[in-house]
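# Report on the structure
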Amino acid sequence: MSPRKLRPRKSQPNYAALAGYEDEAGPSKQIIESENSESDFAPEGKAEAEEEGDDEEMSEEDAEGEDLEDNFEEEVVVKPRKRASTAKAVSKGKAKATPTPKAMLAPGAGLPRTSRRQMYMLPTPSIHHRHRATPLFARPGLVERVTARPSLFDTTQTALTNAFTHSARITDRVNKSWGYNVGPGPLWQIAEDRRWFKEAAENAGTEAERRPRVYAGVRVKSGWKILDKNEGALHLPTANETTEDGSFKPPPPVPCHFGPVNAQTRREMHMFDTFAMSEYLPESKAYVFNAGAPVWALDWCPIHVDDRSKRRFKQYIAVAPFPNSSHSPEIGVKVQRPSNSCIQIWSLSAKGEDRDAGQMKCEMVLCLNNGPAVDLKWCPLPSHDEFDFESSPRKLGLLSGTFEDGSFCVYAVPEPQDMAKEPSGEPVLVKLPDPILRIEMAETSCWTFDWANSERVAIGTTNGVIAVYDVSKALHSFTDPDATTVTNLRPSHYMTVHQAAIRALAWIQAPSYSSSGEVLLNDDPTVIASGGYDGVECLLDLRDGRGAIMNRTRDVINTLTFSPYAAGPITMDHENTVKAYAASPSMLGRGHTLLEPLGPVWSIDASDHHPQLAVAAADGTCSTTNMLRSPRRGGSVPFFVHVIYQMDYSRKEKEYRMLDRFLPQEVPDGRSVPNPAKKAGQQNSTGAWSREVGVHRVVWNSGNGLGSSSLLASCTASGLCRVDVLWGRWLRDKTPYTSVECIRMDDDAMEVDSGLSDASSASS
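Residues numbered from 1 in each chain as written. Predicted model: local features only at pLDDT ≥ 70, side-chain atom pairs only at ≥ 80, totals over all residues. Heavy atoms only, no water.

In the nomenclature of an unreviewed UniProt entry, the protein chain is known as WD40 repeat-like protein of Coprinellus micaceus. According to the UniProt record, the Subcellular location (unreviewed entry) comment for the protein chain is "Nucleus". (UniProt positions renumbered as here; feature names shortened; annotations may be inferred.)

Here's what the structure looks like:
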């Protein structure tokens, strides 16, 4: 038999050649290396040397931070060359590869373009820039700013100024001015309240209009009583061992060393002990107290601006300790009620007549039967009674939390000053009855939650479901102290988003838009960012009914927060990286790294008043960093991470030490700051720490005005908690644009007289 003839192979048509692009035809093209691929194996070439030379030739960064072309969306238009004839292309056969023109390459790209259409790029002109935060919505008008350095226990001097989104020029100036903050805390000169509440008055400018008092008619539930020491001891933290009669011992004191690293002083901290760090470090404005057991939840109580002076600027913070140091909650396993636990109400008040020196004190202990609190948050708007309210007991506020019995509860907390004081000065033990609102689900447990405003709550559960509840009507109905607990509330949304327990979630605090493009400031937010034990970070739009994956990692997502300054969620990426993601439509899902702690991150928190991010990590560090630092790499403003303090533990001596006075750490950006450990082939750390050193939670004070925005509360695995007063400072103590008025464009005449423009230098 004759061999079977195969079908002759036909060459595939070359559409690029037929279209006239003969010098781009063919699959085998020359790959042009980018000027710098940032690869560890790439040789140090001419491009890197030129880049370093450019950085040296650059003068000090001006108030703009970079040139105009580095800030705006760049449009590159490529004009096509003259087309060659089709006959010529066919007669030649293969087209000869020619180097691709530089104009055909996007900055930082490594492959030539195969199209000559117009090319539009996102605002990333080169690999040396990051994206600036884009506001999610614009609300022109006035806001308050601080005019004099605030005192912690005195009236804050404020004035009305142009809001951050009043105009595009002000937005640009304020954003860039924040990049010149090199301190651990906020700059009081340009701090402003950027939180949006639908309850705010129209064209609200002052804090009283932006953060009104809510739930004034809700009363403290009757049935509360004051316990004696023996009854209250059942709810307080205990030691791990018991006495001969089977009762638990009180928690042992925490031995800890404080002060300078080479001359520390040992001090034993009993439960409810407190002191000011200025006893050991004269320059410190921190306060340390002992809750008695590991703490995983705490939050500041919002106080209305009209009542602060009547209270002598006393502030309250709720702290929820575990029953003992060995307690470990099981995810999704509900404890049976009654399960004794407590929430401690601590106060920070002035010490004598000094307006800057304060003191901490445990005013009251709430004795509950829901099990230990997993998460804890006050209603974000002031919900306390007026200070002159005649009824007793007055209400301090609405405190909500998720507990180990699987429930989400809201309590009306009584005013500590209305409770009978203990002669010894110890906290009063108050047994609260059932909450005014309890939400339970038979199929799952409530694990984490976040308030959208005073009326809507999103709850993350242990089976991956996000449930949204409108609690306004239920809470407003509790005007009778003898009313029963509301338990029949149904969710408005109930959607499965994750395949495992949801560990953290946060509302994207931005209003929706109408079909005509109008901002709906009186509606609830609709987008929720969440992270879970499946390593997935999602964005859920309640109008769509399904979650969209924003990022996926191989780690557990322990924490997530939203920042109105970064305009997006901030959460974890691989290798313990803290990363900020954009939520604006033009930059959705894109992000940049803020810092990389040496251990897993337990908690992060962003303030409503400034862009300083607080981070609590398992390596014992409590750190802050500036989210609005300059996006240009290699500039004059360094990328600082400030370690506020670090916990250390001796397994041999079973003692702690608290380390302070850390120098700011510059974040390596891969170019201007080489990593010596990486160059030597070594690792920075072993990656293993004692669980005793972990810092579990950090919370900025966002509910008590601009003057208190520098207060940062943190809690640790040892039971020691700390409140720090942190303020920032300008780079070289020079204000950009010569003055804050010019930054805010409050007085155009001053700007003209100073001779500054948007392209001029701030250092002149």
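## A look at the overall build of the protein chain
When you go through the protein chain residue by residue, the secondary structure sums to ten helices and 39 strands. The long-range share in the protein chain, meaning contacts at least 24 apart out of those at least 6 apart in sequence, stands at 65%. (Helix = DSSP H or I, 4+ residues; strand = E, 2+ residues; numbered from the N terminus. Contact = heavy atoms within 4.5 Å.)

## Considering the layout of surface pockets
Considering only enclosed or pocket space, the second largest pocket measures out at about 1000 Å³ in volume. What lines the second largest pocket is a set of 39 residues, among which Pro294, Ser325, Ser326, Arg691 and Ala717 lie closest to the centre. When contributions to the lining of the second largest pocket are tallied by element, the ones reaching two or more residues are β6 (254-258) and β14 (373-378). Split by residue class, the lining of the second largest pocket holds 22 nonpolar, twelve polar and five charged. (1 Å grid on protein atoms, 1.4 Å probe; cavity = no way out; pocket = protein on both sides within 12 Å on 5 of 7 lines; lining within 4 Å. Points joined across faces, edges and corners; volume = space filled by probe spheres on them. Nonpolar A, V, L, I, M, F, W, Y, C, P; charged D, E, K, R; others polar.)

## A closer look at empty space enclosed by the protein
Per the stated rule, a full pass over the model turns up seven cavities of 30 Å³ or more. By volume, the largest cavity amounts to about 790 Å³. In this structure, the largest cavity is lined by 44 residues; those nearest its centre are Asp299, Lys377, Asp450, Thr561 and Asp605. Where the lining of the largest cavity is concerned, the elements lending two or more residues are β10 (295-300), β14, β19 (446-451), β23 (502-507), β27 (561-563), β31 (601-606) and β37 (695-700). Among the residues forming the lining of the largest cavity, the class breakdown is 25 nonpolar, nine polar and ten charged.

## Concerning the confidence of the model for the protein chain
On average, residues of the protein chain score 81 in pLDDT, and 77% of them are at 70 or above. Under a pLDDT of 50 for its full length, residues 670-683 has, in the predicted model, 14 contacts with residues more than four places off or in other chains. (pLDDT = per-residue confidence, 0-100.)

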